[in-house]
Amino acid sequence: MLGSYPKGAYASAKNVEGCPDGKLQAIWGLGNQLFAFSGSTPDTRSKGRPAENRVSSDICDVRWNTEMHTFITRKLVNETHNVFVMLQGQVASSTGSNLQSQMVMSSKQYRAILKACSMELMHMAETCEDSDERESCEDQLQIFEMIQLIWGFCQILFIEVTPDGLLLNQLLDWIKWHFTDGKRLAVDILHDEVPAEHPAYWEAIFRLLLQGEVDSVRKLLSLNNSNQNEAFLSVDELLRKMPQWAHYHHALSAAEFDMKWRHWRDECQRRLEEGHYAAFPNLETLVMVLCGDENVFTEMKDMCGSWYHLLVSKMLYQNPTVRAPDLHYHAEACMEEFSLSGTRIGELDNILLAAIQFDIHQVIKDSSAFLSTGSWWFVSHFTDLLHHCGQLDTQNLAYGSNLREFLLLEYASSLMSHKSLWQVGIDYLDYCSVFGRTYITQFINHMSLDNEKKAHKLLHICEERNMQEEVQTICKVMGMKSLRRGKLGAALSWFLRSRDVTATSKLTERLIMEYSKTGQFEYTDILDNLGPAMFLSNRLTFLVKYREFHKLYESGETNKAASLLLSLLEARLAPRTFWITLFKDATPLLESEKVIFNSGQTYVLMHCLEELRHELDAKTDISQKLTDMEKDKLDLLQLCLTRNLSKAIKAEGTVKTS
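What counts, and where the lines are drawn
- Residues numbered from 1 in each chain as written.
- Predicted model: local features only at pLDDT ≥ 70, side-chain atom pairs only at ≥ 80, totals over all residues.
- Heavy atoms only, no water.
- Helix = DSSP H or I, 4+ residues; strand = E, 2+ residues; numbered from the N terminus.
- Buried < 20%, exposed > 50% of the residue type's maximum accessible area, 1.4 Å probe, protein only.
- Contact = heavy atoms within 4.5 Å.
- Areas by Shrake-Rupley, 256 points an atom, 1.4 Å probe, with all protein chains shown as cover.
- Polar contact = N/O pair within 3.5 Å; in protein donor to acceptor, adjacent residues only side chain to side chain.
- Expected span 1.5 Å × (residues − 1).
- Patch = residues over 30% accessible without salt bridge, like charges linked within 9 Å, V, L, I, M, F, W, Y side chains within 5 Å.
- Salt bridge = Lys/Arg side-chain N within 4 Å of Asp/Glu carboxyl O.
- Lys, Arg positive; Asp, Glu negative; His and termini not counted.
- Charge placed at Lys NZ, Arg CZ, Asp CG, Glu CD.
- Core = buried A, V, L, I, M, F, W, Y, C linked by side-chain atoms within 4.5 Å.

Considerations on the overall build of the protein chain
Along the protein chain, the regular secondary structure elements total 31 helices and four strands. Here the protein chain holds 658 residues, and 48% of them are scored as buried. Restricting to contacts in the protein chain with at least 6 residues of sequence separation, those with at least 24 account for 62%. Just so you have it, the protein chain exposes about 33,100 Å², and 50% of that area is on carbon and sulfur atoms.

This is the structure we're talking about:
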């Protein structure tokens, strides 16, 4: 693992059956991950114990909150990640009504992606042959559907708030989206040879009526054999004239619409009381619904299926201009009606009730407990939306960050232990202003560098965020890995990128020693293209310049080659053990018929040779590393230098011959 584990990461020892010491230890992994093992802490568990009695080396990889790691949920994570990042950019550049419309659009995009994933899950559950896998799909589908229900409802109350405060049209759309039995029955009936005789004919009509599907109800009634009867024609007229806010909200005020609707309801009640529908009990029941009769809703609550469906249906026919603050009075009555019939009020019901009561923090709290046992996806994205809509207070929690950041941190942490989703998690941490950078640093320091591709991804992330310390650490680790594998060229590249002078110098000395043994340069493509990076280390500078000397010599530029070789000796950049090699390279130049080293340069070479001899006479480490043959070659070199000095002096004309 890259870096060290955080201090105090070891879990407290507990007696565990099956462990040799009766103890279980654990150490943090990446994100929601622990590595568990048996025995004492690493620094004491093996001391003073025979090898055969030491604890098992088995390590268990323990992870939690991994539900977002499945195929469908990965799709949800990746697609909603794009919406999240775009939203953060829009928040930074938009204000007022533009920002509000962006919030609504983003909320709908989240819901559309969630719906698409739900449909795919449904298909998988229907086609899956493995019972366990099918059950898993069904469980996940149930969670997704509950999230859609809560999100759609909360969007109406907190995000897509209408200027007039009326919300019935949105609530009807919400009910129609989640309760589709009426439409499904209507389709079956329309395909029947005799629709009016279908056993679910009237059930479909009532279900559609409870959702405000007036046109669909009229269509089904028109298929009845008695559709020309005066009673049927009367009902059709009432349905046709029924005021609907969706048709009038641009032309009428809420008060004017309410007056128009009350006149219509009075007409429904008058016709009902006059007994226009006494001969047709189902029609009479239908008109009782139009009149908002309390008893008939009690009878039909099973067709609604839930108290919140019943609530919307009752508001449609009893109080269509209801506003959000008054909704909870009616909701409590509907919940009580279902409770009296033995229906259990569950966690989902409590979340919706908290939303109706405008207790946003309770909605988030209950959703976190009920829907986030395996994933923080919903609460993190939903809270982010509420935060940007100004629906959440900005007070900090006890440990320094606000609620939005806390949930985003939890969600990002749940992604970090996955092999690819960790990159998504990093992007979420970018938008956590208090602890985000700290989390990124810790996660990167604990990330296993499995291959160079992953290392380059991490480097890109660090460089984008100006995390130079982490960049250097990653490069050092990759350099050491390459070094252990014998990939010296790759190791050199990593060390240079990390700007690690010590490691670069040691590796360069190794390359120099290998050249001493083989007489061949390795990794010439790297050495020839280092540029200014060669100045990181004196040893590396020497190696690059020494390589340049050989290139000049091979190309016939002997004077330039000689000057470069001399400067390398003068600068003392080369290891002393390598000086003998440099003198060997100088020998052909000294023995050349043409004078290459002038007298001054020759004196410098003689001084360097004398310096090397002095160290050999002092019995230093250098003398022990040189062979007797190499030491003998120094005498030959002395002779070559003397001869070259004579030639140079003659060539320079400083001594006249007789």
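A short note on the side chain of Asn224
With respect to the secondary-structure elements, Asn224 resides in the loop between α7 (214–221) and α8 (230–241). Within the structure, the side chain of Asn224 is placed 2.9 Å from the backbone nitrogen of Ser226, a separation counted as a polar contact. In contact with Asn224, other than residues within four places in its own chain, are Ala196, Tyr201, Trp202 and Phe232.

Structural notes on helix α28 (residues 579–590)
Helix length check: α28 (12 residues) gives 16 Å between terminal C-alpha atoms against 16 Å at 1.5 Å per residue, within 8%. Burial of α28 is extensive: 10 of the 12 residues sit out of reach of the surface. Every buried residue of α28 is accounted for by Trp579, Ile580, Thr581, Leu582, Phe583, Asp585, Ala586, Thr587, Leu589 and Leu590.

Here's the deal with the side chain of Arg271
Relative to the elements of secondary structure, Arg271 occurs in helix α10 (residues 254–273). Within the local environment of Arg271, its side chain forms a polar contact with the side chain of Ser234, the two groups lying 2.9 Å apart. Not counting residues up to four positions away in its chain, the partners in contact with Arg271 are Ser234, Glu237, Leu238, His276 and Tyr277.

Overview of a negative patch on the surface
Together, Glu129, Asp130, Asp132, Glu133, Glu135, Glu138 and Asp139 make up a region of like negative charge exposed at the surface. In this fold, Asp139 is placed in helix α3 (residues 131–159). What makes Asp139 partly exposed here is its relative accessible area of 41%.

Some remarks on the nonpolar core
In terms of nonpolar packing, the biggest core is built from 142 residues, with Leu221, Leu286 and Trp307 touching the most fellow members. Among the elements that make up this core, the one with the highest residue count is α3 (14 residues). Judged by nonpolar contacts, the second largest core, of 51 residues, contains Leu543, Phe549, Leu612 and Leu616.

Concerning helix α14 (residues 327–340)
If you check α14, its first and last C-alpha atoms are 20 Å apart, about what 14 residues at 1.5 Å a residue would give, namely 20 Å. Check the buried side of α14 and you find it contacts α4 (168–178), α12 (294–304), α13 (307–318) and α15 (347–356). Within two residues after α14, Gly342 carries a phi angle of roughly 95°, on the positive side.

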